[in-house]
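Working through the structure, step by step
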Amino acid sequence: MTSARIPLIIDTDTAQDDCVALLVGLLDPRADLRAITMVAGNVGFERQVRNAHLTLNAAGRLGDIPIYLGCRRPLVRDWVSAENVHGDGAGGLAMDFDGLAAHSQHGVDALIDLVAAAPGEISIVAIGPLTNIAMAAVKDPNFVGNVKSLFIMGGSNNGRGNITAAAEYNFYVDPEAARTVFEAGFNVTVIPWAPLTLDHAVFSREQLAGIAAIDTPLARFFTRVVGTTLDFDESVGIAGSTHPDSLTAAVLLHPELVTAAADYAVDVETGSELTRGYSAMSWGVHELTANARVVEAVDGAAFLQYITDLLSRPSTLNRPFD
Ligand code: BDR
Ligand code: CA
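The structure contained in this document is the topic of the report that follows. Note that the coordinates shown come from a computational prediction; the quantities given were computed from them, not determined experimentally. (Residues numbered from 1 in each chain as written. Chains lettered and ligands numbered in written order. Predicted model: local features only at pLDDT ≥ 70, side-chain atom pairs only at ≥ 80, totals over all residues. Heavy atoms only, no water.)

What to know about unusual backbone geometry
- Residues Ala194 and Pro195 are joined by a peptide bond in cis, for which omega reads 0°.
- With respect to the helices and strands, the residue Pro195 is situated in helix H9 (residues 193-200).
- Despite not being glycine, Asn158 has its phi angle at roughly 55°, a positive value.
- Phi is positive for Glu287, close to 60°, though the residue is something other than glycine. (Helix = DSSP H or I, 4+ residues; strand = E, 2+ residues; numbered from the N terminus.)

Notes on the pairing of strand E10 (residues 258-268)
- The pairing of E10 with strand E12 (residues 292-298) spans six bridges and is antiparallel. Bridged to Val258 within E12 is Val298.
- Bridge count for E10 against strand E11 (residues 279-282) is four bridges, and the pairing is antiparallel. Of the residues in E11, the one forming a bridge with Asp267 is Ala280. (Pairing = 2+ DSSP bridges.)

Regarding the layout of surface pockets
- Space inside the largest pocket adds up to approximately 590 Å³.
- Contributing to the lining of the largest pocket are 31 residues, with Val85, Asn162, Tyr169, Trp193 and Phe232 lying nearest its centre.
- Mapped onto the lining of the largest pocket, the elements with two or more residues apiece are helix H1 (17-27), helix H3 (83-86), helix H7 (169-173), H9, helix H11 (217-235) and helix H12 (244-253).
- Grouping the constituent residues of the lining of the largest pocket by class yields 13 nonpolar, 11 polar and seven charged. (1 Å grid on protein atoms, 1.4 Å probe; cavity = no way out; pocket = protein on both sides within 12 Å on 5 of 7 lines; lining within 4 Å. Points joined across faces, edges and corners; volume = space filled by probe spheres on them. Nonpolar A, V, L, I, M, F, W, Y, C, P; charged D, E, K, R; others polar.)

Quick word on helix H2 (residues 45-58)
- With 14 residues, H2 ought to run about 20 Å at 1.5 Å a step, and its terminal C-alpha atoms sit 20 Å apart, in line with that.
- Within H2, 11 of the 14 residues are buried, leaving the element largely enclosed by the surrounding structure.
- Of the positions making up H2, those classed as buried are Phe45, Gln48, Val49, Asn51, Ala52, His53, Leu54, Thr55, Leu56, Asn57 and Ala58.
- Buried positions along H2 lie against H1, strand E2 (31-38), strand E3 (67-69) and H11.
- One or two steps after H2, the chain reaches Gly60, where phi turns positive at roughly 70°. (Expected span 1.5 Å × (residues − 1). Buried < 20%, exposed > 50% of the residue type's maximum accessible area, 1.4 Å probe, protein only. Contact = heavy atoms within 4.5 Å.)

Overview of the site of ligand 1
- The immediate surroundings of ligand 1 are formed by Asp18, Asn42, His86, Ile127, Met153, Asn162, Glu168, Tyr169, Asn170, Trp193 and Asp245.
- For ligand 1, an oxygen atom lies 2.8 Å from a polar atom in the side chain of Asn162.
- Here an oxygen atom of ligand 1 and a side-chain polar atom of Asn170 are 3.0 Å apart.
- Protein burial of ligand 1: of its 280 Å² of free accessible surface, 94% is covered by the chains.
- Most atoms of ligand 1, that is more than half of them, are within 2 Å of grid points of the largest pocket.
- Its residues placed into classes, the shell around ligand 1 shows four nonpolar, four polar and three charged. (Near = heavy atom within 4 Å. Polar contact = N/O pair within 3.5 Å; in protein donor to acceptor, adjacent residues only side chain to side chain. Areas by Shrake-Rupley, 256 points an atom, 1.4 Å probe, with all protein chains shown as cover. Sits in = over half its atoms within 2 Å of the grid points.)

And the structure:
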């Protein structure tokens, strides 16, 4: 018996592990990827679009999945780059981009229309700042109810941030958007940075060497894209590459990866500069109403095996990489 495919949209600031999350959506037989929507985040907006095209190419799916361009800056703040972490976000890979164009519809309208056309069926994997998702919720009062489930990579479960002591990058960049989304009433699952990602979704150099040794076109793409951030990660005390975005997509498709999760009341700090983007995750003892399920632990070995298997698949590039 084959299980039903899961319709999803990936909202992304495509660089490094966002590329791996797109591969999950493109290659996992359980995934029915309907669209990619782009949001301002990790690296320059046009660079992110190129990174998404590079990823579609690596999967041999160029032209199959539309890319919609969403918000080019946070709701009320200036964009904050993570280029110091990611470089160009694709390990310097290049190809001929001639003739490749994003869809003409705005990403926020695409999100609204795609879920309205299949109410309650499509899940969204949001792995960048939450600007597009907040905009869609504000623009269309039916949007929240039309989304089956919203899987968010962001915040920390009362743990350390990464861009500041208090804040994880996606929530820091657009805290007003994150707050809007948690107040909106979505069916939310959160994959936090700390401690979850740091404890269960870091691939060591030895594990990365194991993936590189597969030597498929997909493994070569992965190795190139992920390799850029290794030095940075090690410089901040993380012993390998980090995979919060691909874990978020994987958990939607394979909930059995989750070994611990609980309901929390999540809110995001917007007032303070010191703790801008801090995610307060209240675990049920403060008389607050839960608005999200927060993943607390996953089977890290099974996740590594899942990514390894995905990258072992044969694929044919649509265009050669330079
Ligand atoms: C998040 O920020 C980005 O740099 C990564 O892609 C991930 O979505 C981790 O804080
Ligand atoms: Ca991301």
